[in-house]
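The lines below spell out each chain.
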Amino acid sequence: SLTKQFTDNIFARMHQNHEQVILAELIDSSTFHYLKRILSVDTFQKRVTYDGGKTIKIDTFILSASERRLIDSFYHLPENFLWTKELINATILTSDTVNSIYERREDIGNYLGTRYGGRRLFTLSKPIFLRNNSICIFFKENDCGFLCGGGTLAIYRKEDAKWSHYIILAEWVE
């Protein structure tokens, strides 16, 4: 499937290094609403900031009416999308398992390493493919313990059969 090809590309380096991808099966509601808010606009701008602090716009991405409807339909019912082994090469944890890990109040990286063989817990949005599957809007977040993790909502562009960041819409680092 296109989703499997996309996730294989996104996690290729981890797979090459034999790192275990550990994934929450479902995105949490607060993250879901945050993404919905960011994607509520129709125009996204790619900007670059130089050492001198000057920021310039280098590209603009504008959603068509049909693309807007597709994004809105995805954000109507988040619980309709669960990650499965058919969509991604990963160890997939149920929401109950993820909640119990966070309730333990111990270092998540150490716990995941001992229990699952990997140190990061990923949360991913459903990939939204646009423009004849040459563009994808996708959120990827990882938590690896106290003051360790990050997330990115980005527009990816497919070039020469590989997916890469095109415009970063939101990013955080812990």
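Look up: the structure comes first, before these words.
Residues numbered from 1 in each chain as written. Predicted model: local features only at pLDDT ≥ 70, side-chain atom pairs only at ≥ 80, totals over all residues. Heavy atoms only, no water.

Bringing the overall build of the protein into the picture now. For the protein, the helix and strand inventory stands at 6 helices and 9 strands. On C-alpha atoms alone, the protein measures out to a radius of gyration of 17 Å, which is about the 16 Å that the 2.2 N^0.38 rule sets for 174 residues. Principal-axis analysis of the C-alpha atoms gives the protein an extent of 45 × 40 × 30 Å. In the protein, which comprises 174 residues, the share counted as buried stands at 40%. Sequence-distant contacts, at least 24 apart, represent 55% of the contacts inside the protein between residues at least 6 apart. Total accessible area on the protein stands at roughly 10,100 Å², and carbon and sulfur atoms take up 48% of it. (Helix = DSSP H or I, 4+ residues; strand = E, 2+ residues; numbered from the N terminus. Rg over C-alpha atoms; globule rule 2.2 N^0.38 Å. Buried < 20%, exposed > 50% of the residue type's maximum accessible area, 1.4 Å probe, protein only. Contact = heavy atoms within 4.5 Å. Areas by Shrake-Rupley, 256 points an atom, 1.4 Å probe, with all protein chains shown as cover.)

So, about unusual backbone geometry. At His-18, a position not held by glycine, the phi torsion is positive, near 60°. When you line up the elements, His-18 lands in the loop between α2 (12–16) and β1 (22–24). Classification of His-18 as exposed rests on a relative accessible area of 74%. At Asn-133, a residue that is not glycine, the phi angle is positive and equals roughly 65°. In this structure, Asn-133 sits in the loop between β6 (128–130) and β7 (135–145).

Turning next to the side chain of Thr-123. Considering the arrangement of structural elements, one finds Thr-123 in strand β5 (residues 121–124). Contacts of Thr-123, omitting those with residues within four sequence positions, involve Leu-23, Ala-24, Leu-26, Ile-27, Phe-139, Lys-140 and Glu-141.

Let us now look at the state of the cysteines. Under the counting rule described, the total for this entry stands at 1 disulfide. Note on cysteine connectivity: Cys-144 is disulfide-linked to Cys-148, with sulfurs 1.8 Å apart. An S-S torsion of about -90° defines the bridge between Cys-144 and Cys-148 as left-handed. Residue class for Cys-144 comes out buried when judged on its relative accessible area of 11%. (Disulfide = S-S within 2.5 Å.)

Right, let's talk about helix α1 (residues 2–10) for a bit. Where α1 is concerned, the buried positions are Thr-3, Phe-6, Thr-7 and Ile-10. In a view along the axis of α1, the buried residues occupy a sector of 95°, so they form one face of it. Turning to α1, the residues buried within the fold contact α2, β6, β7, β8 (148–159) and β9 (162–173). (Arc of directions from axis to C-beta.)

This part covers the pairing of β5. Across the two faces of β5 the burial is the same, with Leu-121 and Thr-123 and Phe-122 and Leu-124 all buried. Relative to β5, β1 runs parallel, the two being bridged by 2 bridges. The residue bridging Ile-22 from the neighbouring strand is Leu-121, located in β5. (Pairing = 2+ DSSP bridges.)

This brings us to the pairing of β9. With 10 bridges connecting them, β8 and β9 associate as antiparallel partners. Paired with Gly-151 across the strands is Trp-172, a residue of β9. The turn linking β8 back onto β9 is made up of 2 residues, and Asp-160 within it adopts a positive phi angle of 50°.

Structurally, Ile-135 can be placed in strand β7. On the basis of relative accessibility, which here comes to 5%, the residue Ile-135 falls in the buried class. When residues no more than four places from it in sequence are discounted, the contact partners of Ile-135 are Phe-61, Ile-128, Phe-129, Leu-130, Ile-155, Tyr-156, Arg-157 and Trp-163.

As a working rule, side chains carrying opposite charge can pair if their charged atoms are close by. Throughout the structure, instances matching the rule amount to 6 salt bridges. For Lys-4, the salt bridge is made with Asp-8, and the minimal N-O distance between the two is 3.0 Å. Here Lys-4 and its partner Asp-8 are both found in helix α1, 4 residues apart, which amounts to about one turn of the helix. Note that Arg-120 is salt-bridged to Glu-19, the shortest N-O span being 3.4 Å. With Arg-120 in the loop between α6 (108–116) and β5 and Glu-19 in the loop between α2 and β1, this pair connects stretches of sequence that are 101 residues apart. Overall, Arg-120 belongs to the partly exposed group, its relative accessible area being 26%. Because the salt bridges share partners, they merge into one network encompassing Asp-42, Arg-68 and Asp-72. (Salt bridge = Lys/Arg side-chain N within 4 Å of Asp/Glu carboxyl O.)

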